[in-house]
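For reference, the chains in residue letters:
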Amino acid sequence: MPRPSVDAPNGAWTDPECPVARTLDLVGDRWSLLVVRDAMDGARSFTEFQRRTGVARNILSDRLRKLGAHGLLARQTAATGRRLEYVLTDKGRDLFPVLLALRQWGEHHAFDPGEPHSTLVDEQGVRVPDLTPTGADGARLTSDSTRVRKTDGNR
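Draft legend 1. Spatial organisation of the pairing of strand β1 (residues 73-77). As defined by bridge partners, β1 adjoins strand β2 (residues 84-88) across 5 bridges and the pair is classed as antiparallel. Residue Thr77 lies in a different strand from β2, and its bridge partner there is Leu84.

Here it is as structure tokens:
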């Protein structure tokens, strides 16, 4: 079994060889993803994150610390020079497709037909098209057309 990474919460991974499990160990709770979502939407201050999410101060402090410790958010001095703000790092911005996939799943499965919900649009105001994973040959990928290749230690 691989040794725990310094990035692992509490020094151990849930499933050390699974990228999905490791990702969930890092950002798989509701509040972490909502903080990342709001940072992508322009939130920068503790107060703004709290107002947008409604999360308790102690939980928000913990998630901001955790996201910073794992390199998804960085603290920097605000333009006013009076306080610190939180900004996404490249690693944090790389979660965009993950949040987009969650959003689009929610649009299709978490609302009743015709129920209003927010819509993600591009710079021209056009709705972002649904993600469709494709293989090297351009064919659509699904859970039925893919498989996980386990490492030698997990056969």
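Draft legend 2. Fine view of the nonpolar core. Core analysis: the biggest nonpolar cluster contains 20 residues, and Val27, Val35, Phe49, Leu60, Leu64, Leu67 and Leu73 have the highest contact counts within it. Within the residue set of this core, elements represented by two or more residues are α1 (19-27), α2 (30-40), α3 (46-53), α4 (57-69) and β2. A per-element tally of this core places α2 first, with 4 residues. Excluding residues within four positions of it along the chain, Val35 makes contact with Phe49, Leu60, Leu64, Leu67 and Leu73.

Draft legend 3. Layout of the side chain of Gln104. The residue Gln104 is located in helix α6 (residues 96-109) in this model. Those residues in contact with Gln104 that sit more than four places away from it in its chain are Val128, Pro129, Asp130 and Leu131.

Draft legend 4. Structural view of α3. By the burial criterion, the buried members of α3 are Phe46, Phe49 and Thr53. Down the axis of α3, the buried side of the element spans an arc of 65 degrees, and every buried residue falls inside it. Exposed positions of α3 whose direction lies more than 90 degrees from the buried face are Thr47 and Arg51. If you follow the buried residues of α3, they end up packed against α2, α4 and β2. Looking one or two residues past α3, Gly54 carries a phi angle of roughly 75 degrees, positive in sign.

Draft legend 5. Local environment of α2. Of the residues making up α2, those classed as buried are Ser32, Leu33, Leu34, Val35, Val36, Asp38 and Ala39. For α2, the capping residue at the N-terminal end is Asp29, with a side-chain oxygen 3.1 Å from the backbone nitrogen of Trp31. The positive-phi residue at the C-terminal boundary of α2 is Gly42, with phi of around 105 degrees.

Draft legend 6. Highlighting the pattern of salt bridges. Evaluation of the coordinates by the stated rule reveals 12 salt bridges. Asp29 is the partner of Lys66 in a salt bridge, and the nearest nitrogen-oxygen pair spans 3.9 Å. Of this pair, Lys66 sits in helix α4 while Asp29 sits in the loop between α1 and α2, and the two are 37 residues apart along the sequence. Overall, the relative accessible area of 17% leaves Lys66 in the buried class. Where salt bridges share partners, they join Asp29, Asp62, Arg63, Arg65 and Lys66 into one cluster.

Here is what the cut-offs are and how they apply
- Residues numbered from 1 in each chain as written.
- Predicted model: local features only at pLDDT ≥ 70, side-chain atom pairs only at ≥ 80, totals over all residues.
- Heavy atoms only, no water.
- Pairing = 2+ DSSP bridges.
- Helix = DSSP H or I, 4+ residues; strand = E, 2+ residues; numbered from the N terminus.
- Core = buried A, V, L, I, M, F, W, Y, C linked by side-chain atoms within 4.5 Å.
- Buried < 20%, exposed > 50% of the residue type's maximum accessible area, 1.4 Å probe, protein only.
- Contact = heavy atoms within 4.5 Å.
- Arc of directions from axis to C-beta.
- Polar contact = N/O pair within 3.5 Å; in protein donor to acceptor, adjacent residues only side chain to side chain.
- Salt bridge = Lys/Arg side-chain N within 4 Å of Asp/Glu carboxyl O.

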